[in-house]
Amino acid sequence: MAKRDLPWRKHPTPYAVWISEVMLQQTQVAVVIPYFKRWMERFPSISALAEASSEEVIKAWEGLGYYSRARQIHAGAKYVAAHCQGILPQQAEELSKIKGLGPYTVGAILSFAFHQKAAAVDGNVVRVLSRLFLIEQEVSKTSTQKQLRQLTLELLPDDEPWVIMEALIELGATVCQKQPKCALCPIQKQCLAFQSGKERQLPVKIARPSITALTRYVSIVMTQGSLLVRRGGEGKVMAGLYEFPYFESQEEQSQFARTLDLKTNLEHKIPSFTHSFTRYRATLHPSMWKAARKIALSGFEWATWKELEELPFSSGHRRILRHIKTEIENAHGHPAH
Ligand code: SF4
């Protein structure tokens with residue numbers, strides 16, 4: 001069975017395994033690869049990451065989504081710098097104390113970086129094992145998770161256990177996929193689900209939370225070469241990311257415009273579009289506004305075009321920003337500044 005050529009597998013340092021595994025949660029491999037490479041250049045060590053500002057970290061994560069992962073990695077790096085001399089410990093209990101390191105990431109670091117006999121049970125392994133052993137319990141249950149980790153450990157040999165750990169993940173990623181390719185599977189003969197024809201019914205999962213539809217009226221307010229932005233507050237989905245002011249209704253948007261004495265700017269039209277993030281699907285209706293001057297407004301700040309490039313932006317609002325920039329450049333024949 002061929003394995004995928006992945007940059008974090010070339011030099012699986014504990015730090016590289018940590019970053020790649022967290023990036024891979026909820027994100028596809030092809031998307032992660034360039035982010036991983038850039039991240040390792042920008043923050044080549046845990047100490048370098050610990051010393052970076054939260055803005056730099058969020059900026060490097062921009063576009064990957066689920067930003068709490070970046071915040072947790074940053075907090076974890078600070079913890080490792082302060083308590084472990086900047087080096088990831090080799091014991092499961094010590095690794096588990098680091099923020100954001102769940103059982104899977106701990107197992108992956110122990111297995112791939114420290115070459116220990118450790119279970120790294122990700123979604124791929126869950127698929128393979130639940131089918132191989134015909135596990136019909138719901139897989140997110142603590143008892144099932146424990147059973148899956150135990151079964152994985154039993155499959156691992158004493159000699160080079162990480163090779164088999166990686167092979168199980170690869171089998172799930174390339175053969176035992178959601179739609180399993182059983183005809184190509186090297187463990188078909190041992191697979192209980194295949195023998196009983198239940199491979200497509202497993203693993204058993206509870207239904208995902210449904211997608212919530214949102215409507216946002218986004219105001220792009222400009223004056224004297226600056227645009228009005230605000231930073232997502234702590235605890236919010238977009239914490240640490242910058243966005244334009246937005247409102248849930250046109251009434252609220254008009255109220256805001258009246259309070260600031262903004263004038264509609266119909267010179268540039270930005271089409272509405274939908275944008276999905278975490279479990280939301282937002283329809284964004286952007287519109288342009290002119291302010292007479294840079295009014296000071298609590299919670300907001302004015303940023304120049306150049307500053308906006310440097311700020312971490314939520315991807316929906318980044319899309320709007322690019323659109324306006326191109327529009328203005330096309331209209332005026334020179335870069336927006
Ligand atoms: Fe998965 Fe099919 Fe292989 Fe069983 S035989 S492990 S279901 S690919």
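Anything mentioned here points back to the structure above.
Below, the structure is looked at part by part. Predicted model, so just to flag it, every value in this text is computed and none were measured. (Residues numbered from 1 in each chain as written. Predicted model: local features only at pLDDT ≥ 70, side-chain atom pairs only at ≥ 80, totals over all residues. Heavy atoms only, no water.)

**Points about the overall build of the protein**
So, step 1. For the protein, the helix and strand inventory stands at 15 helices and eight strands.
So, step 2. If you line up the protein on its principal axes, its C-alpha atoms span 70 × 50 × 35 Å.
So, step 3. Within the protein, the proportion of its 337 residues that are buried is 46%.
So, step 4. When contacts within the protein are restricted to residue pairs at least 6 apart in sequence, those whose partners lie at least 24 apart make up 68%.
So, step 5. In the form shown here, the protein has an accessible surface area of approximately 17800 Å², with 52% of it arising from carbon and sulfur atoms.
So, step 6. Mean positive and mean negative side-chain charge positions of the protein (43 and 32 charges, respectively) differ by 5 Å. (Helix = DSSP H or I, 4+ residues; strand = E, 2+ residues; numbered from the N terminus. Buried < 20%, exposed > 50% of the residue type's maximum accessible area, 1.4 Å probe, protein only. Contact = heavy atoms within 4.5 Å. Areas by Shrake-Rupley, 256 points an atom, 1.4 Å probe, with all protein chains shown as cover. Lys, Arg positive; Asp, Glu negative; His and termini not counted. Charge placed at Lys NZ, Arg CZ, Asp CG, Glu CD.)

**Comments concerning the nonpolar core**
Side chains of a nonpolar character, in soluble globular proteins, are inclined to be buried together.
So, step 1. By size, the foremost hydrophobic cluster in this structure holds 87 residues, and its most contacted members are Trp18, Trp39, Ile220, Phe244 and Ile324.
So, step 2. For Trp39, the contacting residues outside a window of four places in its chain are Tyr15, Ile19, Met23, Leu49, Val57, Ala60, Trp61 and Ile73.
So, step 3. Grouped together as the second largest cluster of nonpolar side chains are 12 residues, Phe247, Leu262, Phe300 and Trp302 included. (Core = buried A, V, L, I, M, F, W, Y, C linked by side-chain atoms within 4.5 Å.)

**Remarks on helix α8 (residues 103-113)**
So, step 1. Counting buried positions along α8 yields 10 of 11 residues, so the element is predominantly enclosed.
So, step 2. On its buried side, α8 packs onto α2 (14-24), α7 (92-96) and α11 (161-174).
So, step 3. Positive backbone phi, approximately 55 degrees, marks His115, located one or two places after α8.

**Observations concerning the pairing of strand β7 (residues 280-290)**
So, step 1. Across 11 bridges, strand β1 (residues 212-223) lies against β7 in parallel orientation. Bridge pairing in β7 places Thr212 opposite Tyr280.
So, step 2. The sheet contact formed by strand β6 (residues 273-277) and β7 spans five bridges and is antiparallel. By the bridge assignment, Phe277 is partnered in β7 with Tyr280.
So, step 3. Hairpin remark: β6 followed by β7, antiparallel, with two residues in the connecting loop; positive phi at Thr278, about 35 degrees. (Pairing = 2+ DSSP bridges.)

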